[in-house]
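Summary of the model geometry
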Amino acid sequence: MTAVQKDIATYVEKALFLLSSKADPQKFQTMIQQNINDKRESSTSTIDFYDRLMLNMAYFVENKMAWTELVRSTFNGGELPTVSYIENELMVHQMQIRNSVAEKMDDYTKAFHQQYETLKVEDEDVIYDYAYASVEHALRVDFLTLVCANKATILAQGNIDETLKTMDGYVAYFTDQIVNKMTLS
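Note that the structure is a prediction, hence the values are computed from the model and not measured.

Right, let's talk about the packing of helix 1 (residues 3–22) against helix 7 (residues 160–179) for a bit. The contact between helix 1 and helix 7 brings their axes to 10 Å, and the two run at 25°. Between helix 1 and helix 7, the angle is such that the two are roughly parallel. For the pair helix 1 and helix 7, the crossing hand works out as right-handed. Between helix 1 and helix 7, the contacting residues are Gln5, Ile8, Ala9, Val12, Glu13, Leu16, Phe17 and Ser20 on the first element and Glu162, Thr163, Thr166, Met167, Tyr170, Val171, Phe174 and Ile178 on the second. In terms of residue class, the contact of helix 1 with helix 7 is made up of 10 nonpolar, 4 polar and 2 charged.

What follows covers the packing of aromatic side chains. Evaluation of the coordinates by the stated rule reveals 8 aromatic pairs. Arranged with centres 5.8 Å apart and planes meeting at 15°, the rings of Tyr108 and Phe112 form a pair that is stacked. One end of the pair is Tyr108 and the other is Phe112, both in helix 5 (residues 105–119) and 4 residues apart, which spans about a single turn. Comparing Tyr108 with Phe112 shows no difference in burial state: the two are buried. Seen in terms of ring centroids, Tyr173 and Phe174 are 4.9 Å apart; in terms of plane orientation they differ by 85°. Their pairing is edge-to-face.

For the rest of this paragraph, the subject is the pattern of salt bridges. When the charged atoms of two side chains lie near each other, side chains of opposite charge can form a pair. Applying the stated criterion across every chain yields a total of 8 salt bridges. Salt-bridge contacts for Lys104 lead to Glu62; the nearest nitrogen and oxygen are separated by 3.3 Å. Placement of Lys104 in the loop between helix 4 (83–103) and helix 5 and of Glu62 in helix 3 (residues 46–75) is noted, with a sequence separation of 42 residues between them. Lys104 gets classed as partly exposed once you look at its relative accessible area, which sits at 36%. Measuring nitrogen to oxygen at the nearest pair gives 3.7 Å for the salt bridge that ties Arg72 to Glu69. In this pair, Arg72 and Glu69 both sit in helix 3, 3 residues apart, roughly one turn of the helix. For Arg72, a relative accessible area of 25% translates into the label partly exposed. Each member of the salt-bridge network shares a partner with another, and the members are Glu69, Arg72 and Asp161.

Take a negative patch on the surface next. On the surface, a cluster of negative charge is contributed by Glu122, Glu124, Asp125 and Asp129. Mapped onto the elements of the fold, Glu122 is located in the loop between helix 5 and helix 6 (123–149).

Phi at Lys120 takes a positive value of approximately 55°, unusual for a residue other than glycine. For Lys120, the position within the fold is in the loop between helix 5 and helix 6. Even without being a glycine, Lys151 presents a positive backbone phi close to 50°. Mapped onto the elements, Lys151 comes out in the loop between helix 6 and helix 7. On the basis of relative accessible area, Lys151 is assigned to the partly exposed category, the value being 43%.

About the criteria used
- Residues numbered from 1 in each chain as written.
- Predicted model: local features only at pLDDT ≥ 70, side-chain atom pairs only at ≥ 80, totals over all residues.
- Heavy atoms only, no water.
- Axes fitted to C-alpha atoms, helices over the stretch in contact; angles between N-to-C directions.
- Helix = DSSP H or I, 4+ residues; strand = E, 2+ residues; numbered from the N terminus.
- Parallel < 35°, antiparallel > 145°, perpendicular 65-115°, else oblique.
- Left-handed = near helix turned anticlockwise from the far one by under 90°.
- Contact = heavy atoms within 4.5 Å.
- Nonpolar A, V, L, I, M, F, W, Y, C, P; charged D, E, K, R; others polar.
- Phe/Tyr/Trp six-rings, centres within 6.5 Å; stacked < 30°, edge-to-face > 60°.
- Buried < 20%, exposed > 50% of the residue type's maximum accessible area, 1.4 Å probe, protein only.
- Salt bridge = Lys/Arg side-chain N within 4 Å of Asp/Glu carboxyl O.
- Patch = residues over 30% accessible without salt bridge, like charges linked within 9 Å, V, L, I, M, F, W, Y side chains within 5 Å.
- Areas by Shrake-Rupley, 256 points an atom, 1.4 Å probe, with all protein chains shown as cover.
- Lys, Arg positive; Asp, Glu negative; His and termini not counted.
- Charge placed at Lys NZ, Arg CZ, Asp CG, Glu CD.

Written out as structure tokens, the structure reads:
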């Protein structure tokens, strides 16, 4: 690992530590539990309940891909974009992703139903994965906003693929820390 990549890793770790230490797991838990309850109450069956959570996770997965491409395209130039640019881009992506997930809903649910049977999925499995995807999404967006607000140009100086791997690793680590403090049902 180069000296620049080490500095990037240190910055990413410290920034995500700061964000996660300020995060209130209880607030996340309350919000996520309310979303789970709403989906459960509006579902017609256990499978329908799982589908609703899984479709949200598909949305988060597609957002992660858009986030990765946004970081790749904007950080590669050596300068960081403004927070308003990032917010606008993320909003555009989110609208496109909502439409994309809606268009692919039948394909997604077919794939989900196969997974439910193959993996013998239970409530806690889907709920944990949903909570993880929710927190991960929030942490990614907050991290990108923080980085751009602070003009952390160090992140635009290294190898973008290595920087993205570092970001992914620390986002996963800190997401685990937050989600593992939750009790959801």
